[in-house]
Amino acid sequence: MTDDGTAAAAATGTLGYEQARDELIEVVRRLEAGGTSLEDSLALWERGEELAKVCRHWLEGARARLDAALAGPPDGEGPDASGPAADADAG
């Protein structure tokens, strides 16, 4: 089902999004094809659930980073209405 490198990466939590996604695609393909024993199908299903969690984790992290980037610079680093530019406009 997995090669030694992918299995080791998954065991240590270092499986990247693309690796997890590609393996998940393969798991789904094998399940849809059928022809496996009940035990093998259950093992595939469980592996698919693990891979889906890894993908979800990566996607949630990416979403958080994107949301932070869209929110603008952290407090104290962006333009401030009470800064020098605002004072110059007031006079």
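Definitions and cut-offs
Residues numbered from 1 in each chain as written. Predicted model: local features only at pLDDT ≥ 70, side-chain atom pairs only at ≥ 80, totals over all residues. Heavy atoms only, no water. Helix = DSSP H or I, 4+ residues; strand = E, 2+ residues; numbered from the N terminus. Buried < 20%, exposed > 50% of the residue type's maximum accessible area, 1.4 Å probe, protein only. Contact = heavy atoms within 4.5 Å. Areas by Shrake-Rupley, 256 points an atom, 1.4 Å probe, with all protein chains shown as cover. Expected span 1.5 Å × (residues − 1). Axes fitted to C-alpha atoms, helices over the stretch in contact; angles between N-to-C directions. Parallel < 35°, antiparallel > 145°, perpendicular 65-115°, else oblique. Left-handed = near helix turned anticlockwise from the far one by under 90°.

A. The arrangement of the overall build of the protein in detail. Helix and strand counts for the protein stand at four helices and zero strands. Counting every position in the protein, which comprises 91 residues, the buried fraction comes to 14%. For the protein, contacts bridging at least 24 residues in sequence account for 68% of all contacts bridging at least 6. Per element, the accessible surface of the protein, about 6900 Å² overall, is 55% carbon and sulfur.

B. Spotlight on helix α3 (residues 38-71). Its 34 residues place the ends of α3 49 Å apart at the C-alpha level, agreeing with the 50 Å of an ideal helix rising 1.5 Å per residue. For α3, the full list of buried residues reads Leu-44, Arg-47, Gly-48, Leu-51 and Cys-55. Looking one or two places after α3, you find Gly-72, whose phi comes out positive at around 105°.

C. How the structure looks around the packing of helix α2 (residues 17-33) against α3. Where α2 meets α3, the axes come as close as 9 Å, and the angle between the chain directions of the two elements is 150°. Relative to α3, α2 is oriented roughly antiparallel. Remark: the crossing between α2 and α3 carries left-handed chirality. Residues Tyr-17, Ala-20, Arg-21, Glu-23, Leu-24, Val-27, Arg-30 and Leu-31 of α2 pack against Ser-41, Leu-44, Trp-45, Arg-47, Gly-48, Leu-51, Ala-52, Val-54, Cys-55, Trp-58 and Leu-59 of α3.

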